[in-house]
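Here is what each chain is made of, one letter per residue.
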Amino acid sequence: MNPIYTIEIYRLNPVNGTFSRIDTIESFEKLSFSQRLNGIGACSFEIDLDSKKATNTNFTRFINQIVVKRNNNIVFFGPIVKRRGSVKNEEEKVEIECLSYIYHLATRFTSKLQIFTNTAQSTIAWNLISAVQARDNGNLGIYQGVLASGNNRDRTYEYKGIAEALIEFSNIQQGFDWEFQPIQDANGLLSSINFNTYFPQIGLKRDDLPPITMDNVASLAFVDDGEIYNQVTFEGAGTGSPILFTAGENFSQSSFGRREAIQMEKDISIQDTLNRKGNAYLNKNSVNRFKIDIELYPRVRPSFGDLNLGDVLNINLSNNTVQDSILNISKEGRIVELNVEVDGLGVEKVSPRIILY
């Protein structure tokens, strides 16, 4: 049996951070959504322009929040950011585009100078969110959830974007993963949002699932992900004069040749903080990263209900006709994105994006 999808529309009260459901939509087309690890996801769908649901009251961007439910469980939520319409050959459609809830924090910033000294990294992240929610008309209904223990950090922020700061915490050495978890009340309605962090990372090693093979892959696409840098220089602000971090990875240089990167880090004033960020950047970018987008067959495991962001899967792909084929892969891969398309009958096309270890 196919899962049942519904779309609900909520209005956010920015004074007290409460949500009110104003409508439910059960007739829609071309629903798709993506969940992204430590990033901003997206959602879109179409409805008829002559539908009684296609109103300004329902689809006012940033004021109204879209909630996508799969069998009454929330699988996507976030603000409406764009409406796109067309009228052609008596067919009138409006496409609604949304982004995931962290997008609200892309337009929230720290004060001119905000300093944290020897503070738990998850605490810094939550304090950033809490501070901007406390401003006039700034309440997003986000509450402190489970904050994982981890490293203490020093941070100096000058009008730093909150979303950008959270994403950076997931990209540093010994950083953490985070999520905005929707909380549903006894009636299944969105009531609030918890901010949770995970150290060292979210997700599980999924030996309980069948491996990804050519037998359960409808299609795939792959690409080498990002540049390769094996000699890095980071310059921080310091407390009087600039501070520097410089390092190289000899094995990578002997293979790929010397490939240099220079970054300015005006938010960093502590040498150890700069060292950690520089080392994390070097570790990530000095090797070739291989990214695979996989479309899974419907109703064959693993399916959408089996998978979670951050999970590590066994990947066993092969091309027996070509020796040393690029597609002869037997590795572990981590899910960094889940993309879902739902047709008019509720059949899901699930496409995880996987980074190979």
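Structure: above.
Here we summarise the structure given alongside this text. Just so it is clear, the model here is predicted, and its values are computed rather than measured.

Concerning the overall build of the chain
On a plain count of helices and strands, the chain comes out with 4 helices and 20 strands. For the chain, whose C-alpha radius of gyration is 22 Å, the value lies close to the compact-globule estimate of 21 Å for 357 residues. By its C-alpha atoms, the chain is 65 × 60 × 40 Å across when sized along the principal axes. Counting the 357 residues in the chain, one finds 47% classified as buried. For the chain, long-range pairs separated by at least 24 residues make up 67% of all intrachain contacts whose partners lie at least 6 apart in sequence. As presented, the chain carries roughly 18000 Å² of accessible surface, and 47% of it is formed by carbon and sulfur atoms. Put simply, the chain has 36 plus and 42 minus side-chain charges, and the middle of one group is 3 Å from the middle of the other.

Looking at the sheet that holds strand β14 (residues 231–236)
An order of β15-β14-β16 is seen for the 3 strands of this open sheet, with the pairing classed as mixed. Lying at the two open borders of the sheet, with one neighbouring strand each, are β15 (243–248) and β16 (260–265). Geometrically, the sheet is characterised by an average inter-axis angle of 10° between neighbouring strands, direction not taken into account. With 6 bridges connecting them, β14 and β15 associate as antiparallel partners. Paired with glutamate 235 across the strands is leucine 244, a residue of β15. Helix-sheet contacts for helix α4 (residues 271–285) involve β14, β15 and β16, and the interaxial angle to β15 is about 30°.

Quick word on the layout of surface pockets
One way to see where empty space is left: roll a probe the size of a water molecule over the atoms. Counted as a void, the largest pocket has a volume near 1300 Å³. Every residue lining the largest pocket is counted, 38 residues in all, and those nearest its centre are Ser170, Asn171, Lys284, Arg289 and Arg334. The element best represented in the lining of the largest pocket is α4, accounting for 6 residues. The computed volume of the second largest pocket comes to approximately 830 Å³. Around the second largest pocket sit 30 residues that line it, and Gln35, Val75, Glu179, Phe180 and Leu309 are the ones nearest its centre. Counting only elements with at least two residues in the lining of the second largest pocket, the list comes to β3 (29–36), β6 (73–88) and β11 (177–184).

Details of the environment of arginine 83
Along the chain, the position of arginine 83 falls in strand β6. Each C-alpha atom of the pair arginine 83 and glutamate 97 lies 6.2 Å from the other, and the pair is 14 residues apart in sequence. Every residue in contact with arginine 83, bar those within four places of it in the chain, is listed here: Asn56, Phe59, Val94, Glu95 and Ile96. A distance of 2.9 Å separates a polar atom in the side chain of arginine 83 from the backbone oxygen of phenylalanine 59.

Observations regarding helix α2 (residues 162–169)
Inspection of α2 places Ile162, Ala163, Ala165, Leu166 and Phe169 among the buried residues, and these make up the whole buried set. Buried residues of α2, viewed axially, fall in a sector of 160°; they line one side. The inward-facing, buried residues of α2 abut α1 (121–133), β10 (152–157), β11 and β12 (190–198).

Side note on the packing of aromatic side chains
Where two aromatic rings form a pair, the distance of their centres and the angle of their planes describe that pair. Tallied over the full model, the rule gives 13 aromatic pairs. When the centroid spacing of 5.8 Å and the interplanar angle of 70° are considered together, the rings of tryptophan 178 and phenylalanine 180 count as edge-to-face. Note on accessibility: tryptophan 178 and phenylalanine 180 belong to one class, buried. Each member of the aromatic cluster is reached from another via a ring pair, and the members are Trp126, Trp178, Phe180 and Phe195.

Let's talk about unusual backbone geometry
Proline 200 follows phenylalanine 199 through a cis peptide bond whose omega is 5°. For proline 200, the location among the structural elements is in the loop between β12 and β13 (217–224). Despite not being glycine, asparagine 118 shows a phi value in the positive range, around 50°. Position of asparagine 118 among the secondary structure elements: in strand β8 (residues 114–120).

Focus on the nonpolar core
Formed by 43 residues in total, the largest nonpolar core has its most connected members in Tyr5, Leu31, Phe33, Phe45, Phe59, Ile66 and Val68. Looking at this core element by element, the count peaks at 5 residues for strand β19 (residues 329–342). Sequence-distant contacts of leucine 31, defined by excluding residues within four places in its chain, comprise Tyr5, Ile7, Cys43, Ser44, Phe45, Val68, Val340, Glu341 and Val342. With 31 residues, the next largest nonpolar core counts Phe19, Ile102, Ile162 and Ile172 among its residues.

Here's the deal with the sheet that holds strand β9 (residues 142–144)
Within a sheet, each strand pairs with its neighbour through backbone hydrogen bonds, oriented either parallel or antiparallel. If you walk across this open sheet you meet the 3 strands as β9-β12-β11, and the pairing is mixed. The open sheet has two free edges, formed respectively by β9 and β11, since each of these has just one partner strand. Ignoring strand direction, the axes of neighbouring strands in this sheet form an average angle of 35°. Sheet topology places β11 next to β12; 8 bridges connect them, and they run antiparallel. Of the residues in β12, the one forming a bridge with aspartate 177 is tyrosine 198. Sitting on the sheet, α1 is in contact with β9, β11 and β12, with an inclination near 145° to β9.

Reading the values: rules and limits
Residues numbered from 1 in each chain as written. Predicted model: local features only at pLDDT ≥ 70, side-chain atom pairs only at ≥ 80, totals over all residues. Heavy atoms only, no water. Helix = DSSP H or I, 4+ residues; strand = E, 2+ residues; numbered from the N terminus. Rg over C-alpha atoms; globule rule 2.2 N^0.38 Å. Buried < 20%, exposed > 50% of the residue type's maximum accessible area, 1.4 Å probe, protein only. Contact = heavy atoms within 4.5 Å. Areas by Shrake-Rupley, 256 points an atom, 1.4 Å probe, with all protein chains shown as cover. Lys, Arg positive; Asp, Glu negative; His and termini not counted. Charge placed at Lys NZ, Arg CZ, Asp CG, Glu CD. Pairing = 2+ DSSP bridges. Axes fitted to C-alpha atoms, helices over the stretch in contact; angles between N-to-C directions. 1 Å grid on protein atoms, 1.4 Å probe; cavity = no way out; pocket = protein on both sides within 12 Å on 5 of 7 lines; lining within 4 Å. Points joined across faces, edges and corners; volume = space filled by probe spheres on them. Polar contact = N/O pair within 3.5 Å; in protein donor to acceptor, adjacent residues only side chain to side chain. Arc of directions from axis to C-beta. Phe/Tyr/Trp six-rings, centres within 6.5 Å; stacked < 30°, edge-to-face > 60°. Core = buried A, V, L, I, M, F, W, Y, C linked by side-chain atoms within 4.5 Å.

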